[in-house]
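For reference, the chains in residue letters:
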Amino acid sequence: MQVKNIHSIAAIVFLLLALLGFAQRQSVGNGWLIFASLCLAAALVAMLLSRWPRSADRSTGPDRCSPAKTVDFPEGQARLIDSGHLPNRFHPRLAMHEFETCHFFAPARRLIFIPPNDEREAGWHRFLLRCSGGHYYFIRQPGELLMPAQLDKEIPGELVITSQRIVFMAGEDAFEVPLQRLSLLDCSARLVDFEVRSRRYTLYCDAACYAEKVLELLQKKEN
């Protein structure tokens, strides 16, 4: 059963108990009033918890990607990508390979997380990552809140996507990977998350939705 469903059921149960307590307090005494108040508070907490995963889902909705919401990305480039075209951009600090074209670059931060407490569980590193309200979460699948993700390290830099590779340019923990080696690519609100040979890379970028569109256009072009 999904976590949000558990929280919804808990909210209903506590609300019914609260109603029972308020009904009994007149004939039994103030003890039921305290019980009813505690149940009502628990019901409110459960209702709030049931809404958190939905908030994270809404942050990945179709309206999350627009030029107005990507301050660090040129509006002209954004509109070109929205129209289904790959922009050709010049990056002054990137050494280009033969027949390579730069299509995207924007400020980004590489995020390295501490493994969750149940790190021994097989495949924990494949849990999805989501950002909501300035916090990060590990989830098993969309709509299911698992646990807060604890950040271990954050490295400022720049995300670059070319016709051949993804590059993270930074003073430390920089990397570049060929596009054909990407696996488990998962782009969400402000996050670009993928694996290369079982090694996970997570980047925070305000223009993550346009990075996703560029990668999709490159995939279509290759096919």
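Conventions and cut-offs
- Residues numbered from 1 in each chain as written.
- Predicted model: local features only at pLDDT ≥ 70, side-chain atom pairs only at ≥ 80, totals over all residues.
- Heavy atoms only, no water.
- Helix = DSSP H or I, 4+ residues; strand = E, 2+ residues; numbered from the N terminus.
- Buried < 20%, exposed > 50% of the residue type's maximum accessible area, 1.4 Å probe, protein only.
- Pairing = 2+ DSSP bridges.
- Axes fitted to C-alpha atoms, helices over the stretch in contact; angles between N-to-C directions.
- Parallel < 35°, antiparallel > 145°, perpendicular 65-115°, else oblique.
- Left-handed = near helix turned anticlockwise from the far one by under 90°.
- Contact = heavy atoms within 4.5 Å.
- Nonpolar A, V, L, I, M, F, W, Y, C, P; charged D, E, K, R; others polar.
- Salt bridge = Lys/Arg side-chain N within 4 Å of Asp/Glu carboxyl O.
- Phe/Tyr/Trp six-rings, centres within 6.5 Å; stacked < 30°, edge-to-face > 60°.
- Lys NZ or Arg CZ within 6 Å of the ring centre and 35° of its normal.
- 1 Å grid on protein atoms, 1.4 Å probe; cavity = no way out; pocket = protein on both sides within 12 Å on 5 of 7 lines; lining within 4 Å.
- Points joined across faces, edges and corners; volume = space filled by probe spheres on them.

### Section: the overall build of the chain
Point 1. On a plain count of helices and strands, the chain comes out with 4 helices and 10 strands.
Point 2. Its helices and strands taken in sequence order, the chain reads α-α-α-β-β-β-β-β-β-β-β-β-β-α from the N to the C terminus.
Point 3. In the chain, which comprises 223 residues, the share counted as buried stands at 41%.

### Digging into the sheet that holds strand β2 (residues 128–132)
Point 1. A sheet is described by the order of its strands in space; here 3 strands give the open sequence β2-β3-β4, paired in antiparallel fashion. Every interior strand has two partners, whereas the edge strands, β2 and β4 (147–148), have only one.
Point 2. Alignment of strand β3 (residues 135–139) against β4, held across 2 bridges, turns out to be antiparallel. Bridge pairing in β4 places Y137 opposite P148.

### Some details on the packing of helix α3 (residues 75–82) against helix α4 (residues 208–222)
Point 1. Look at α3 against α4: their axes get within 10 Å of each other, and the N-to-C directions meet at 45°. Here α3 is positioned oblique relative to α4, judged by the angle of their axes. Considering how the two elements wind past one another, α3 and α4 form a crossing that is left-handed. Together, A78, I81 and D82 of α3 and Y210, K213, V214 and L217 of α4 make up the contact between the two elements.
Point 2. Partitioning the contact of α3 with α4 into residue classes produces 5 nonpolar, no polar and 2 charged.

### Some words on the pattern of salt bridges
Point 1. What the rule picks out here adds up to 11 salt bridges.
Point 2. Two residues, K153 and E172, come together in a salt bridge whose shortest N-O distance is 3.2 Å. Of this pair, K153 sits in strand β5 (residues 151–162) while E172 sits in the loop between β6 (165–169) and β7 (175–178); the two residues are 19 residues apart in sequence, bridging distant segments of the chain.
Point 3. Classification of K153 by relative accessible area gives partly exposed; the value is 33%.
Point 4. For E172, a relative accessible area of 43% translates into the label partly exposed.
Point 5. One salt bridge in this structure joins D206 and R190, with 3.3 Å as the shortest N-O distance. With D206 in the loop between β10 (199–204) and α4 and R190 in the loop between β8 (183–188) and β9 (191–196), the pair connects residues that are 16 residues apart, well separated along the chain.
Point 6. Classification of D206 by relative accessible area gives partly exposed; the value is 30%.

### Examining the environment of A106
Point 1. Assignment of secondary structure puts A106 in strand β1 (residues 102–113).
Point 2. Residues within four places of A106 in sequence aside, it is in contact with F73, E158, L159, C205 and A207.

### Quick notes on the packing of aromatic side chains
Point 1. Counted according to the given criterion, the structure contains 8 aromatic pairs.
Point 2. When the centroid spacing of 5.4 Å and the interplanar angle of 75° are considered together, the rings of F113 and Y136 count as edge-to-face. Placement of the pair is F113 in strand β1 and Y136 in strand β3, with a sequence separation of 23 residues.
Point 3. Aromatic rings pair up to connect F168, F175, F194 and Y201 into one cluster.
Point 4. One residue, R89, lies across the ring of F105, its end atom 3.9 Å from the ring centre.
Point 5. Across from the ring centre of Y204, 4.4 Å away, lies the NZ or CZ of R109, which sits over that ring.

### Some points on the pairing of β8
Point 1. In this structure, β8 lies alongside β9, joined through 4 bridges in antiparallel fashion. Looking at the pairing, C187 lines up with V192 of β9.

### Some remarks on the layout of surface pockets
Point 1. In this structure, the largest pocket encloses a volume near 340 Å³.
Point 2. Lining the largest pocket are 13 residues, and of these L179, L215, L218, Q219 and E222 sit closest to its centre.
Point 3. Elements with a minimum of two residues in the lining of the largest pocket: β8 and α4.
Point 4. Per-element tally for the lining of the largest pocket: the top contributor is α4, with 6 residues.
Point 5. The residue inventory of the lining of the largest pocket, partitioned by class, reads 6 nonpolar, 4 polar and 3 charged.

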